[in-house]
Amino acid sequence: MQSQDLVKLAEEFGSPLYVYDAEKIKSQYDRLSSAFSKVPRLRINYAVKALSNIAILQLVKSMGSNLDTVSIQEVKLGLYAGFKPDQIIYTPNGVSFEEIEEAARLGVQINIDNLSVLEHFGTKHPTVPVCIRINPHVMAGGNSNISVGHIDSKFGISIHQMPHILRIVENTKMHINGIHMHTGSDILDIEVFLYAAEILFEAANNFKELDFLDFGSGFKVPYNKADVETNIEELGKKLTKRFLAFEASYGRELTLAFEPGKFLVSEAGYFLAKVNVVKQTTSTVFAGIDSGFNHLIRPMFYGSQHYIENISNPKGKERFYTVVGYICETDTFANNRRIAEIKEGDLLCFRNAGAYCYSMSSNYNSRYKPAEVLWKDGKGILIRARETFEDLIKNQILI
Ligand SMILES: *Cc1c(COP(=O)(O)O)cnc(C)c1O
């Protein structure tokens, strides 16, 4: 989509504003499916937590996607958006046993990542098939905030605890129908991923009635022009070969599953914000926008570098700016960034604003959450209204 389209959408729907390009989500989906087109049973489970708007869920459903959920609320959003229970996998961490039972009652695929829960669940519900989340202890890139495969991770059951898993399965007579791993966001190195996959294959050989192997996600997308991204096509070639060989030796039809979040929606998202003030100080020029980490926390939380463009003055002379928010706390989006000359009232566009942006937003400083718009077939469709004062006070009670 073009900058002029974004400018028009901000005029129509106001700022700050999230915009998602449906076509980009579709092209990413198609890219992943074609990279694995030689796998007879491929299943893509979109990770709801990346961007959970129900219209986005409907959109990915229309492409043929299933869902990966991490809370009972995400399960309910998926069902509300029209997914069938068997199109949803539920991969919680540290939730109550009652919540897992509720998800099982709703008929979604349970994925368990804890020995005590496995034993408890298997004892109480031996007939409900369960997937097991393994921690292969492989860290496929990323920084310490987003790598979940390492030895001290709270995610998954350690591969070294396989004998204990098998004892629980034997004692409870429960049914294990899937094996899962998710080695964390941002896979840089395909070889590391394939190494982890080998560990999953080895783990899978311990179970006789598997229906699927779920390789999680962590596909890296570029945030800047110089950024590397996961070579999905190469991964597709190499993993397909290994998967098909494994399936043949396993002797039973298996589905290969992935759970992409960022890969599908990150680059499809644009965050638009207006510049309220330009402030010269002794050391820098601040551009202060009508937003803050209440709407987009990734730069402050993970140190993420979102590319920023002045779409009101795209051809302007480039100067250095520190882009900050209006929150009464340090909320720097970008430090010393080269951006086309900014005037007060200009519209800035943040790229890669599809994943973990709106879904991590809050009402801090009692600000309203922005509106969300889906760009589809050359038109902007409002998929979430901007909040109002009524939303802020809805659950509060005067005494
Ligand atoms: C967050 C998450 C994903 C998606 O990760 P991305 O890096 O956004 O692709 C997949 N699976 C599980 C279990 C997750 O928690």
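Nothing here was measured: the structure is a model prediction, and the numbers come from that model.

Caption draft 1: Looking closely at the nonpolar core. Grouped together as the largest cluster of nonpolar side chains are 104 residues, with contacts concentrated most on Tyr46, Ile165, Leu213 and Phe215. Among the elements that make up this core, the one with the highest residue count is helix H8 (residues 190-204) (10 residues). Leu9, Leu17, Tyr270 and Val373 belong to the second-largest nonpolar core, a separate cluster that totals 14 residues.

Caption draft 2: Structural view of unusual backbone geometry. Along the chain, Ser15 connects to Pro16 via a cis peptide bond; the corresponding omega equals -5°. When you line up the elements, Pro16 lands in the loop between helix H1 (3-13) and strand S1 (17-21). Positive phi, normally seen in glycine, also occurs at Lys173, with a value near 60°. Looking at where Lys173 falls in the secondary structure, it is placed in the loop between helix H7 (162-172) and strand S8 (176-180). Backbone geometry at Asn365 places phi at a positive 70°, although glycine is not the residue there. Tracing the backbone shows Asn365 in the loop between strand S16 (347-350) and strand S17 (371-376). For Asn365, a relative accessible area of 31% puts it in the partly exposed group.

Caption draft 3: Geometry of the pattern of salt bridges. In this structure the tally under the stated criterion is 14 salt bridges. The salt bridge partner of Glu309 is Arg351, with a shortest N-O separation of 3.2 Å. Note that Glu309 is positioned in strand S13 (residues 308-310) and Arg351 in the loop between S16 and S17, a separation of 42 residues in sequence. Under the relative-accessibility criterion, Glu309 is labelled partly exposed at 21%. Given the relative accessible area of 30%, Arg351 is considered partly exposed. Among the ionic pairs, Arg319 bridges to Glu341, the shortest N-O distance being 3.3 Å. Taken together, the positions of Arg319 in strand S14 (residues 318-324) and Glu341 in the loop between strand S15 (332-340) and S16 put the pair 22 residues apart, joining distant regions of the chain. Given a relative accessible area of 37%, Arg319 falls into the partly exposed group.

Analysis parameters
- Counting from 1, residues in each chain are numbered in the order their sequence is written.
- With pLDDT at 70 or above as the cut-off, local features in this predicted model cover only qualifying residues; side-chain atom pairs require 80 or more to be listed or tallied, and sums for whole chains, interfaces and linings still use all residues.
- The side-chain figures draw on all heavy atoms in the structure; neither hydrogens nor water molecules are used.
- Note on terminology: a nonpolar core comprises buried Ala, Val, Leu, Ile, Met, Phe, Trp, Tyr and Cys residues joined through side-chain atoms within 4.5 Å.
- Summary of the burial criterion: residues with accessible area below 20% of their type's maximum are buried, those above 50% are exposed, and those between are partly exposed, where the area comes from a 1.4 Å probe applied to protein chains only.
- For the purposes of this entry, the term helix denotes a DSSP run of H or I that reaches at least four residues, the term strand denotes a run of E that reaches at least two, and both are numbered from the N terminus.
- Only one rule defines a salt bridge in this text: a Lys or Arg side-chain nitrogen within 4 Å of an Asp or Glu carboxyl oxygen.

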